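Remarks on the overall topology
If you want the building blocks of each chain, they are given just below.
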Amino acid sequence: MTLPRFSRREFLKFAGVSMGVMAVSCSGLGYAAIHAPEFVTPEIVYSKDDIMNKRILISYATHAGSTPEIAAVIGETLARRGFSVVVKPVNANPSLNGCDAVILGSAVHMANWLPEMVDFIKKNQVVLSQMPVALFTVHILNLGNDEASRVSRLAYLNSVRPLLDPMDEVFFAGKIDLDALSFVDRLMVKMVKSPIGDYRDWDGICAWSSVIF
Ligand SMILES: Cc1cc2nc3c(=O)[nH]c(=O)nc-3n(C[C@H](O)[C@H](O)[C@H](O)COP(=O)(O)O)c2cc1C
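Report follows, based on the coordinates. Predicted, not measured: the structure shown is a model, and the values here were computed from it. (Residues numbered from 1 in each chain as written. Predicted model: local features only at pLDDT ≥ 70, side-chain atom pairs only at ≥ 80, totals over all residues.)

**Focus on the overall build of the protein chain**
Heads up, the rule is: The way it works is that DSSP assigns letters per residue, a run of H or I at least four long becomes a helix, a run of E at least two long becomes a strand, and they are numbered from the N terminus. Exposure criterion: with C-beta atoms placed from backbone coordinates, a residue whose C-beta has 20 or more other C-beta atoms within 10 Å is buried, one with 12 or fewer is exposed, and one in between is partly exposed. Throughout, a pair of residues is in contact if the C-beta atoms placed from their backbones lie within 7 Å.
Across its full length, the protein chain holds 8 helices and 9 strands. Counting only residues that meet the buried cut, the protein chain has 28% of its 213 residues in that class. Residue pairs in contact within the protein chain that sit at least 24 positions apart in sequence constitute 81% of those at least 6 positions apart.

**A few points about the site of the ligand**
The criterion, for reference: Should the C-beta atom of a residue, placed from the backbone, lie within 6 Å of a molecule or strand, that residue is near it. Residues are sorted three ways: Asp, Glu, Lys and Arg are charged, Ala, Val, Leu, Ile, Met, Phe, Trp, Tyr, Cys and Pro are nonpolar, and all the rest, Gly among them, are polar.
Residues in close proximity to the ligand total 23 residues, the closest being Ser66, Thr67, Ala107, His139 and Gly174. Taken together, the elements giving at least two residues each to the shell around the ligand come down to helix H3 (66-80), strand E4 (101-109), strand E6 (133-139), strand E8 (175-176) and helix H7 (183-191). Counted by class, the shell around the ligand contains 12 nonpolar, 9 polar and 2 charged residues.

**Some points on the environment of Arg81**
Locating Arg81 in the fold gives a position in the loop between H3 and strand E3 (84-89). On the basis of neighbour counts, which here come to 15 C-beta atoms within 10 Å, the residue Arg81 falls in the partly exposed class. Here the alpha-carbon distance between Arg81 and Ser210, two residues 129 residues apart in the chain, equals 7.6 Å.

**Observations regarding the pairing of strand E7 (residues 168-173)**
Note the following rule: At least two DSSP bridges between two strands are required for those strands to pair. Crossovers are marked right-handed if the path from the first strand over the helix to the second runs clockwise, as seen with the strands pointing away from the viewer.
Note: E6 against E7, 6 bridges, orientation parallel. Bridging across to E7, Phe136 finds its partner in Val170. Regarding the hand of the β-α-β motif, the stretch spanning E6, helix H6 (residues 147-154) and E7 is right-handed.

**Observations regarding unusual backbone geometry**
With a phi close to 50°, Met110 is a non-glycine residue in the positive phi region. Mapped onto the elements, Met110 comes out in the loop between E4 and strand E5 (112-113). Positive phi, close to 55°, is recorded for Asn142, a residue that is not glycine. Relative to the assigned elements, Asn142 resides in the loop between E6 and H6. By the C-beta count within 10 Å, which is 18 here, Asn142 ends up partly exposed.

**Examining H3**
Cut-off, in case you're wondering: One less than the residue count of a helix, multiplied by 1.5 Å, gives the span that helix is expected to have.
If you check H3, its first and last C-alpha atoms are 22 Å apart, about what 15 residues at 1.5 Å a residue would give, namely 21 Å. Looking only at H3, the buried set comprises Ser66, Thr67, Pro68, Glu69, Ile70, Ala71, Ile74, Gly75, Leu78 and Ala79.

**Observations regarding the packing of H3 against helix H8 (residues 202-211)**
Convention followed: Axis lines are fitted to C-alpha atoms, over the contacting stretch for helices. Their N-to-C directions set the angle, which ranges from 0 to 180 degrees. Comment on the angle field: the value is read as roughly parallel under 35 degrees, roughly antiparallel over 145, roughly perpendicular from 65 to 115, and oblique elsewhere. Should the near helix be turned counterclockwise from the far one by less than a right angle, the crossing is left-handed, whereas a clockwise turn marks it as right-handed.
Two elements in contact, H3 and H8, have axes separated by 9 Å at closest approach and are oriented at 45°. With respect to each other, H3 and H8 are oriented oblique. For the pair H3 and H8, the crossing hand works out as right-handed. When H3 is examined against H8, the residues Ile70, Val73, Ile74, Thr77 and Leu78 are found in contact with a partner set consisting of Trp202, Ile205, Cys206, Ser209 and Ser210. In terms of residue class, the contact of H3 with H8 is made up of 7 nonpolar, 3 polar and no charged.

Below you can see the structure in the form of structure tokens.
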């Protein structure tokens, strides 16, 4: 099993927050503390009648709703290029049948891809190994161009990389909206001094979608 890499400082912060979480969860406030407001996880189909069109599945894992919007823009851009595209949350267990290529994306949580996407990849590893797969990662820390940031964000894929041989990997800055987070999540992002706001670079996302495949 590959464990996420934290610096000692990050580990101590997360450990402190985790103890706080346990204390709150054991109190009557537990439900309110860990449940965030609902958000939409869209399923979008751009179908082309021409069977010669390449069929692409875009599947995503999200915790707070910013990754689905990125997946939707990627899907729209690919559809405009003439591909048949299905955009689906990984929790809907999308089918790989008939797909010519796949794009998988996940939000980063505690220095790792979300477990539901890692499970999907494990479950479909053999099929995925036989088709072009591109990966996008949505995160808010380690956005810089310096070596330390680059190494840290590459490590977000440590649990995924042994399972796949992706043709491309891209990192997109995400979004932190405190109103969309549970009490516990808010506590965590404050403890790690995360940037707050919407850092998504729509031009960059469209640019990547315009050249992939
Ligand atoms: C509790 C929590 C933990 C997070 N952990 C990390 C992290 O370890 N590294 C990082 O770069 N971003 C981290 N983020 C930022 C998210 O990856 C970013 O906000 C992303 O846009 C979330 O996507 P989503 O809205 O689809 O869930 C974290 C966010 C939350 C709320």
